[in-house]
Amino acid sequence: FWALHRRRRVYRGAPQSSATRARGRDRSRATAPHRLLAHTHLKCSPLAAAVHAAAMGKKRTADVANDDIVLQKPKKKKKPAHAAAGSATAPAAPPVAPDEGVFRDMAVRAQFALLPHCLDNVRVRVLQLLHDSLMRYSTPLGGVPIAVRDVALVPGRRHGRVVGTDPHVFVDVQLRATVFCAAPPQILPGRVNAVAPSYVGLLVHGYFNASIAAPELVGLEYDAADAAWRDASGGVVVRVGTLVRFRISTVHNADGVLSFEGRFVDAVGAVGS
């Protein structure tokens, strides 16, 4: 205090030039933190310093104890993630019988996640998503949906739902779907579209690829001159365009597109039939 008072008296009593006053201001600004620190030390008595040190020691002890408590807290269980756009549920399919049809009519309940800009016409957007999922293998349905109808909102859930901070609006929809559920050991018809000494290529229902390897063409031999497979009597001829039946042995799924391997059963139609 007395140092500051003397400094003020010198400043007020003796006239100084502008350059001297500027140097004084710069020096004062440079030493301001040190003066504040000295002032703080002067106002802090030894007793106050001891009390402050004891208080800080207690605070550190409490912080360590709190850290231990936090570390011992049990982890919260994560909630299950919500269904993604276009997820569907259907009753579990029973075991497939060899003589059972490959087309099934299913009642399906699906949940779609729509962005806010899709809410101007929910029906159109849901139909677009459904059409995008057609002709692709669906694990919940256990087959390939080829057609949908009777699309409507689930009764009692006429409004969309927003969950947490997710920007999507979840909409529950019910519908009926025709699903292609082919699996071993069912029998499928196929039109021959390729003939080779090692296999016969087929097209099932105009969409799915299938093949019958040469060892599975039981009772047939390859005729290189005619580019066909035929039996010993010549009564059965398999060439491009022939409609044959085969028993499924293997199903391949490549990014939702199914293809089949099988065993030759018989030829049921000639070329063009």
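Residues numbered from 1 in each chain as written. Predicted model: local features only at pLDDT ≥ 70, side-chain atom pairs only at ≥ 80, totals over all residues. Heavy atoms only, no water.

Notes on the confidence of the model for the protein
Quick note on the threshold: Known as pLDDT, the predictor's confidence for each residue is given on a scale from 0 to 100. Contacts: residue pairs with any heavy atoms within 4.5 Å of one another.
On average, residues of the protein carry a pLDDT of 76, and 62% of them reach 70 or more. Low pLDDT, under 50, characterises residues 8-13; the predicted model gives this stretch two contacts beyond four residues in sequence or across chains. Predicted confidence for residues 63-84 stays below pLDDT 50, and this span has five contacts to residues more than four positions away or in other chains.

Considerations on the packing of aromatic side chains
As a reminder of what qualifies: Centre distance within 6.5 Å is the pairing criterion for rings of Phe, Tyr and Trp, where only the six-membered ring of Trp is used; planes under 30 degrees apart are then read as stacked, over 60 as edge-to-face, and the remainder as tilted.
Tallying each qualifying case throughout the model produces six aromatic pairs. Connected via pairs of aromatic rings, a cluster forms that spans Phe103, Phe180, Tyr207, Phe208 and Phe260.

Regarding the pattern of salt bridges
Put simply, the test is: Within this document, salt bridges are pairs made up of a side-chain nitrogen of Lys or Arg and a carboxyl oxygen of Asp or Glu, the two lying within 4 Å of each other. Helix numbers and strand numbers start at the N terminus; a helix is a DSSP run of H or I with at least 4 residues, a strand a run of E with at least 2. For each residue, the accessible area found with a 1.4 Å probe, counting protein chains only, is set against the maximum for its type, and the residue is called buried under 20%, exposed over 50%, and partly exposed in between.
All chains considered together, the criterion is met by 10 salt bridges. A salt bridge links Asp105 to Arg176; its shortest N-O distance comes to 2.7 Å. With Asp105 in strand β2 (residues 103-114) and Arg176 in strand β4 (residues 169-180), the pair connects residues that are 71 residues apart, well separated along the chain. In this structure Arg176 comes out as partly exposed when scored by relative accessible area, which is 30%. A salt bridge links Asp172 to Arg157, with the shortest nitrogen-to-oxygen separation between them at 2.6 Å. One end of the pair, Asp172, is in strand β4; the other, Arg157, is in the loop between β3 (144-153) and β4, with 15 residues separating them in the sequence.

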